[in-house]
Amino acid sequence: MAENLVVVPNGGPAPDYGGGLTFSVVMSCLVAASGGLIFGYDIGISGGVSEMEPFLKRFFPHVLKRMAEAKKGDSYCIYDSQALAAFTSSLYVAGLVASLVANRVTRVLGRQAVMLMGGAFFFAGAALTGAAVNISMLIIGRMLLGLGVGFTNQATPLFLAEMAPPRWRGALTCGIQFFLTLGILIANIINYFTARVSWGWRVSLGLAGAPAVVILAGTLFLTDTPSSLMMRGQADRARSVLLGARGGLSEGVDAELKEISRTVKAALESEDGAFRRMTTKRGYRPYLVFAVALPVFTQLTGVIVLSFFSPLVFRTVGFGSDAALMGAIILGAVNMASLLVSTLVIDRYGRKVLFMVGGVQMVIYQVAIAWIMGTQLGKSGESAMARPYAVAVLVFTCLHSAGFGVSWGPLFWVVPSEIFPVDIRSLGQAVNMAICLGLDFVQTQSFLAMLCRFRYATFAYYAAWVAVMTAFVALLLPETKGVPLESMDMVWTQHWFWKRFVVQDEAGKSADDAET
């Protein structure tokens with residue numbers, strides 16, 4: 001039975017190793033978090049380019065024909081094209097593969113090397129899509145972008161969680177979502193201006209190379225994390241890095257490094273078979289559940305596909321091209337504002353409060369969007385929506401997105417990066433990102449068809465899932481605010497449900513062993 005246990009050292013309060021926000025750790029985390037720019041830029045640029053008429057005329061002329069017929073047809077189905085959806089979704093097939101490969105590469109080469117590889121792949125993809133002359137070049141370029149997203153998104157959250165002081169870990173890890181949202185906003189602004197010229201889509205796609213240069217140049221000046229260095233046998237360098245990150249507090253550094261060393265040693269002794277342990281051992285059950293549940297639920301908020309296709313959704317409800325792109329800019333600005341609120345309060349009020357508040361907000365406004373679209377466009381989609389109702393859809397979409405911005409948006413990066421023990425941390429993050437990117441592919445490939453067939457009920461569908469996931473988090477997610485990564489196991493042993501799986505060890509003897 002002992003092999004099924006995840007053991008924690010004690011049942012007391014989580015240790016405080018000291019160390020505040022130093023210049024070194026802030027700059028390191030900002031540079032690493034800028035990896036979110038490449039994912040955000042891609043999310044923002046894809047939907048805007050997909051509704052630019054010169055782009056559609058060159059690659060998807062059948063969609064233009066359907067748009068011309070929309071005045072006498074079905075507004076819900078204007079953009080129902082599997083080829084157009086594949087332009088967006090192809091990135092995520094490559095991203096899924098890259099995130100799984102990055103699990104092994106990250107353990108062998110470290111977090112920094114994987115972020116560099118991600119930036120290089122994304123730069124190559126940007127160059128190819130910007131120069132594309134046919135769909136094949138377009139899709140291959142998108143797949144290179146996907147490799148960049150997969151590598152970067154696997155390594156960056158781990159880097160931030162391992163480098164940040166426990167009391168600031170939530171806010172600093174939110175940096176990924178901040179830069180992701182900034183990337184979306186920048187892309188929407190670029191789309192708004194480039195849509196006015198026939199070759200503007202090339203500028204929009206090619207400028208994806210700019211955030212790739214940012215992450216490439218910045219990562220060159222980073223050092224790897226203490227945990228990653230210890231995993232690769234570089235103890236002296238790990239201490240030096242940790243000392244710099246914690247502001248020279250050697251007493252706290254030595255205690256923290258000792259705990260890192262203990263957890264890394266245990267991880268190395270059981271390095272082989274991490275996937276088997278995570279998927280079959282009873283003591284790892286909560287980690288498996290959340291490695292799967294968090295990315296699945298994040299996708300089922302509906303915000304991801306709305307971020308991709310917001311210009312198309314706004315066109316569906318009656319906005320013109322420029323107005324739809326401006327609506328996407330407004331949506332991006334609201335996302336930025338809500339994320340700043342989340343960053344300020346995440347380490348004060350904790351993770352669960354934000355999940356609850358954001359979940360309730362998302363349910364209310366998705367139901368409102370479904371009601372307006374159902375009553376105004378009708379079941380057939382042939383009715384015209386009055387301008388006040390179209391504006392209301394924009395407002396409710398922004399409020400729904402704001403709920404996501406204070407909850408599931410940043411917490412999707414924060415919670416997985418901190419809950420996994422070190423022996424499966426890289427694997428857990430890889431599984432988390434692989435599922436996320438796999439579902440990104442499914443959602444982006446199917447959303448336009450889903451909108452065509454489910455119509456306004458598409459938004460009610462997402463609202464129902466948000467209600468389910470909010471209840472799930474309320475019941476099953478332990479609070480992780482301020483807990484050092486090396487002591488994270490104790491939050492599971494004290495949880496009303498998970499304590500039956502993760503058994504606490506006191507004086508070398510587990511409670512389960514005592515019972516048996």
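Residues numbered from 1 in each chain as written. Predicted model: local features only at pLDDT ≥ 70, side-chain atom pairs only at ≥ 80, totals over all residues. Heavy atoms only, no water.

Labelled according to an unreviewed UniProt entry, the protein chain appears under the name Major facilitator superfamily (MFS) profile domain-containing protein, originating from Urochloa decumbens. Per its UniProt entry, the protein chain bears the Subcellular location (unreviewed entry) comment "Membrane". UniProt's Sequence similarities (unreviewed entry) comment on the protein chain is quoted here verbatim: "Belongs to the major facilitator superfamily. Sugar transporter (TC 2.A.1.1) family." (UniProt positions renumbered as here; feature names shortened; annotations may be inferred.)

**Student:** Is there a simple way to think about the overall build of the protein chain in this case?
**Tutor:** Within the protein chain, the secondary structure is distributed over 25 helices and two strands. Looking at the 516 residues of the protein chain, the share that counts as buried comes to 60%. Residue pairs at least 24 apart in sequence account for 81% of intrachain contacts in the protein chain once pairs closer than 6 positions are excluded. On the protein chain, roughly 18,700 Å² of surface is accessible, and the fraction owed to carbon and sulfur atoms is 66%. (Helix = DSSP H or I, 4+ residues; strand = E, 2+ residues; numbered from the N terminus. Buried < 20%, exposed > 50% of the residue type's maximum accessible area, 1.4 Å probe, protein only. Contact = heavy atoms within 4.5 Å. Areas by Shrake-Rupley, 256 points an atom, 1.4 Å probe, with all protein chains shown as cover.)

**Student:** Explain the nonpolar core here, please?
**Tutor:** Among soluble globular proteins, nonpolar side chains are generally buried collectively. Formed by 92 residues in total, the largest nonpolar core has its most connected members in Phe39, Val49, Phe55, Phe60, Leu205 and Phe459. Among the elements that take part in this core, helix α7 (residues 135–163) stands out by supplying eight residues, more than any other. Apart from residues no more than four positions distant in its own chain, Phe459 is found in contact with Leu306, Val313, Gln366, Ile369, Ala370, Met373 and Leu451. Grouped together as the second largest cluster of nonpolar side chains are 45 residues, Ala161, Tyr284, Ile304 and Val415 included. (Core = buried A, V, L, I, M, F, W, Y, C linked by side-chain atoms within 4.5 Å.)

**Student:** What should I look at first to understand the side chain of Gln299 in this one?
**Tutor:** With respect to the helices and strands, Gln299 occurs in helix α16 (residues 285–299). Ignoring sequence-local partners within four residues, the contact set of Gln299 consists of Ile304, Cys436, Leu439, Asp440, Gln443 and Tyr462.

**Student:** Is there a simple way to think about helix α21 (residues 408–419) in this case?
**Tutor:** Each α-helix turn comprises 3.6 residues. Residues three or four places apart therefore point the same way. Between its terminal C-alpha atoms α21 stretches 16 Å, which fits the 16 Å expected from 12 residues at 1.5 Å a residue. Buried residues dominate α21, accounting for 12 of its 12 residues. (Expected span 1.5 Å × (residues − 1).)

**Student:** What is the right way to look at helix α20 (residues 387–405) in this model?
**Tutor:** Its 19 residues place the ends of α20 27 Å apart at the C-alpha level, agreeing with the 27 Å of an ideal helix rising 1.5 Å per residue. Within α20, the full set of buried residues consists of Ala390, Ala392, Val393, Leu394, Thr397, Cys398, His400, Ser401, Ala402, Gly403, Phe404 and Gly405.

**Student:** What is the right way to read the confidence of the model for the protein chain from this model?
**Tutor:** A low pLDDT means the predicted coordinates there should not be read in detail. On average, residues of the protein chain score 81 in pLDDT, and 84% of them reach the 70 mark or higher. Predicted confidence for residues 1–13 stays below pLDDT 50, and this span has 37 contacts to residues more than four positions away or in other chains. Confidence drops under pLDDT 50 across residues 504–516; counting only partners more than four residues distant or on other chains, this segment forms 22 contacts. (pLDDT = per-residue confidence, 0-100.)

**Student:** Looking at this structure, how should I read the side chain of Asp347?
**Tutor:** The topology assignment puts Asp347 in helix α18 (residues 321–349). The exposure class assigned to Asp347 is buried, which follows from its relative accessible area of 19%. At 3.0 Å, the side chain of Asp347 forms a polar contact with the side chain of Arg351. If we ignore the near neighbours within four places in the chain, the residues touching Asp347 are Arg167, Trp168, Arg169, Gly170, Ala171 and Lys481. (Polar contact = N/O pair within 3.5 Å; in protein donor to acceptor, adjacent residues only side chain to side chain.)

**Student:** Whenever I open this one, the packing of aromatic side chains confuses me. Can you help?
**Tutor:** We describe a pair of aromatic rings using the distance from one ring centre to the other and the angle between the two ring planes. In this structure the tally under the stated criterion is 25 aromatic pairs. Ring centres 6.0 Å apart and planes at 65 degrees place the aromatic pair Tyr284 and Tyr287 in the edge-to-face group. Considered together, Tyr284 and Tyr287 belong to a single accessibility category, that of buried residues. Note on Tyr461 and Tyr462: the rings are 5.3 Å apart at their centroids and 65 degrees apart in plane angle, and the pair reads as edge-to-face. In this structure an aromatic cluster arises from ring pairing among Tyr284, Tyr287, Phe290, Phe297, Phe355, Trp408, Phe472, Trp492, Trp496, Phe497, Trp498 and Phe501. (Phe/Tyr/Trp six-rings, centres within 6.5 Å; stacked < 30°, edge-to-face > 60°.)

**Student:** Sorry, what's going on with a positive patch on the surface here?
**Tutor:** Residues Arg282, Arg285, Lys499 and Arg500 make up a contiguous surface patch of positive charge. One can find Lys499 in the loop between α24 (489–493) and β1 (505–506). (Patch = residues over 30% accessible without salt bridge, like charges linked within 9 Å, V, L, I, M, F, W, Y side chains within 5 Å. Salt bridge = Lys/Arg side-chain N within 4 Å of Asp/Glu carboxyl O. Lys, Arg positive; Asp, Glu negative; His and termini not counted. Charge placed at Lys NZ, Arg CZ, Asp CG, Glu CD.)

**Student:** Honestly, the packing of α16 against helix α22 (residues 425–454) in this entry has me stumped. Any pointers?
**Tutor:** Packed helices, taken two at a time, are described by their axes: the angle between them and the distance between them. Direction vectors running N to C along α16 and α22 enclose 30 degrees, while the axes themselves pass 8 Å from each other. When the axis of α16 is compared with that of α22, the two are roughly parallel. Judged by the twist between their axes, the crossing of α16 over α22 is right-handed. In contact with Ala291, Val292, Leu294, Pro295, Val296 and Gln299 of α16, α22 contributes Gly428, Val431, Asn432, Ile435, Cys436, Leu439, Asp440 and Gln443. Across the contact of α16 with α22, the residue classes break down as nine nonpolar, four polar and one charged. (Axes fitted to C-alpha atoms, helices over the stretch in contact; angles between N-to-C directions. Parallel < 35°, antiparallel > 145°, perpendicular 65-115°, else oblique. Left-handed = near helix turned anticlockwise from the far one by under 90°. Nonpolar A, V, L, I, M, F, W, Y, C, P; charged D, E, K, R; others polar.)

**Student:** Just to check I follow, could you spell out the environment of Ser446 for this structure?
**Tutor:** Within the secondary structure, Ser446 is located in helix α22. Counting along the chain gives 364 residues from Ser446 to Gln82, while the straight-line C-alpha distance between them is 7.9 Å.

**Student:** Explain the packing of α22 against helix α23 (residues 457–476) to me, please; I cannot follow it from the model alone.
**Tutor:** Where α22 contacts α23, the two axes come as close as 8 Å, and the packing angle between them is 120 degrees. Judged by the angle between their axes, α22 and α23 are oblique. From α22, Gln443, Phe447, Met450, Leu451 and Phe454 reach across to α23, where they touch Ala457, Thr458, Phe459, Tyr461 and Tyr462. Of the residues that constitute the contact of α22 with α23, the class distribution is eight nonpolar, two polar and no charged.

**Student:** Looking at this structure, I do not really get a nonpolar patch on the surface. What am I missing?
**Tutor:** A cluster of nonpolar residues, Phe454, Tyr461, Trp465 and Val468, forms a patch on the protein surface that exposes about 360 Å² of accessible area. Ranked by residues supplied to the nonpolar patch, first place goes to α23 with three residues. With respect to the secondary-structure elements, Tyr461 resides in helix α23.

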